[in-house]
Amino acid sequence: MQIGIDSFAAMFGEESGPKISDVDALAQLLERIEQADKVGLDIFGIGEHHRKGFLDSAPALILAAAAARTKRIRLTSAVTVLSAADPVRIFEEYATLDLISQGRAEMVVGRGSFIDAFPLFGLDLKDYDALFTEKLELLLKIRDNEFVTWSGKFRPAMKDLPVYPRPLQDPFPIWLGVGGTTESFIRAGMLGLPLMVAVIGGETYRFRPLVDLYRRAGQQAGHAPEKLKVGLHSLGYVANTTEEAIEAFYPGYAEGMTKIGKERGWPPMTRARFEDQIGKDGALVVGSAEEVAEKLLNHSEALGGIERFTFQMDSAALPHETLMQSIELIGKKVLPLVNA
């Protein structure tokens, strides 16, 4: 199992979190990516948001800076909000990243869980799914063809136009990031794209029917089983002991989730709900290295086998040094235990 980190370049707990400048926050993020590379993690992803408190509106730029400072770790978006992007420009950026990193770039594309990009780029929310469907089709056509002929509703047509540069990897890795909609799982399977499932709450095993549907759709479309990879993205944090992890993670997590909950109609986060989520089947992956490794294996078994897991640690407003220590524990202890 590949193990890595996803970051939104954000501090959700603005009241309790550390007060640092945007300049320092990005510098520290690059240090964490270097740390992940140093301790042997497989992947580091940068999300995409267009709102206050997030510094990841241009993830390809952050990843390019990281590519110049790392040697082996793979670098990916997590996720690219494709509905609000031009597939031609996005492909050019990540193809360039692939060349800079000497073949270590990837892309996870999705529709995003926030809708801020739609008014920002003059898009209509009623086209939410249609935009993504059309742009994904074009992105995959660009990936597979140097010269592209294509027409659609939301972008000017292309007639035998080349797209450069071409990436080092062929084919360039594109994963489909999904939440909980049945159509998204089926779409990924039919296209033969690896699947990155974001499970940030509830019980992870409940996603098994959707993952099975993905695999079945892929097989029926004629894709080889080895192409139908499944990854899992969840909130998590590793400390020396489970008690230490809980006490460090809970305050900022509760503050951040309560704040987002006000936007989305969720109830405030409570300690009881948090403790349910860190239990055996809960989505939160918080604890000691040994406990977290066991939980990752349990999640993999529950979903019929996963090839990748990424920790999202931004949600608890943890200080930089604390995150650096957690990344070290994940690389030096969790990774070897999971893949023993």
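All of the points below concern the structure found in this document. (Residues numbered from 1 in each chain as written. Predicted model: local features only at pLDDT ≥ 70, side-chain atom pairs only at ≥ 80, totals over all residues. Heavy atoms only, no water.)

**Some thoughts on the pattern of salt bridges**
Oppositely charged side chains are able to pair whenever their charged atoms sit close together. This is how it is decided: The rule for a salt bridge is simple: a side-chain nitrogen of Lys or Arg has to be within 4 Å of a carboxyl oxygen of Asp or Glu. Numbering of helices and strands runs from the N terminus; a helix is a DSSP stretch of H or I covering at least four residues, while a strand is a stretch of E covering at least two. Only protein chains enter the accessibility calculation, which uses a 1.4 Å probe. A residue is then buried if its area is under 20% of the maximum for its type, exposed if over 50%, and partly exposed in between.
For the structure shown, the criterion picks out 18 salt bridges. The partner of Arg-111 in a salt bridge is Asp-129, with the nearest N and O atoms 2.6 Å apart. With Arg-111 in the loop between β5 (105-110) and α4 (117-120) and Asp-129 in helix α5 (residues 128-144), this pair connects stretches of sequence that are 18 residues apart. Assessed through its relative accessible area of 35%, Asp-129 is described here as partly exposed. Linking Arg-271 and Glu-247 is a salt bridge whose minimum nitrogen-to-oxygen distance equals 2.9 Å.

**Describing helix α3 (residues 87-100)**
The cut-off we apply is this: Multiply 1.5 Å by the residue count of a helix minus one, and that product is the helix's expected span. Contacts: residue pairs with any heavy atoms within 4.5 Å of one another. A 3.5 Å cut-off defines polar contacts: any pair of N or O atoms within that distance qualifies, except that in protein one atom must be a possible hydrogen donor and the other a possible acceptor, and neighbouring residues in sequence count only when both atoms are side-chain atoms.
A rise of 1.5 Å per residue sets the reference length of α3, with its 14 residues, at 20 Å; its end C-alpha atoms lie 20 Å apart and thus fit the reference within 8%. Looking at the packing, one finds that the buried side of α3 touches α2 (59-67), β3 (74-77), β4 (80-81), β5, α5 and β7 (158-162). For α3, the N-terminal capping position is held by Asp-86, with its side-chain oxygen 3.1 Å away from the main-chain nitrogen of Val-88. Of the residues flanking the end of α3, it is Gln-102, one or two places downstream, whose phi is positive at about 60°.

**With respect to helix α11 (residues 320-338)**
For clarity, the cut-off: Working definition for bend: take the seven residues up to and ending at a residue and the seven starting at it, fit an axis to each, and measure the angle between the axes.
In this model α11 runs 25 Å from its N-terminal to its C-terminal C-alpha over 19 residues, within 8% of the 27 Å that 1.5 Å per residue would give. At Ile-330, α11 shows its maximal kink, close to 35°.

**Some details on the pairing of strand β10 (residues 230-239)**
We apply this condition: The pairing criterion for strands is at least two bridges between them, as found by DSSP.
In terms of burial, β10 is a largely internal element, 10 of the 10 residues being buried. The alternating pattern of β10 places Val-230, Leu-232, Ser-234, Gly-236 and Val-238 and Gly-231, His-233, Leu-235, Tyr-237 and Ala-239 on opposite faces, both of which are buried. Bridge analysis of strand β9 (residues 195-198) against β10 gives four bridges, and the strand direction is parallel. Within the sheet, the bridge partner assigned to Met-196 lies in β10 and is Gly-231.

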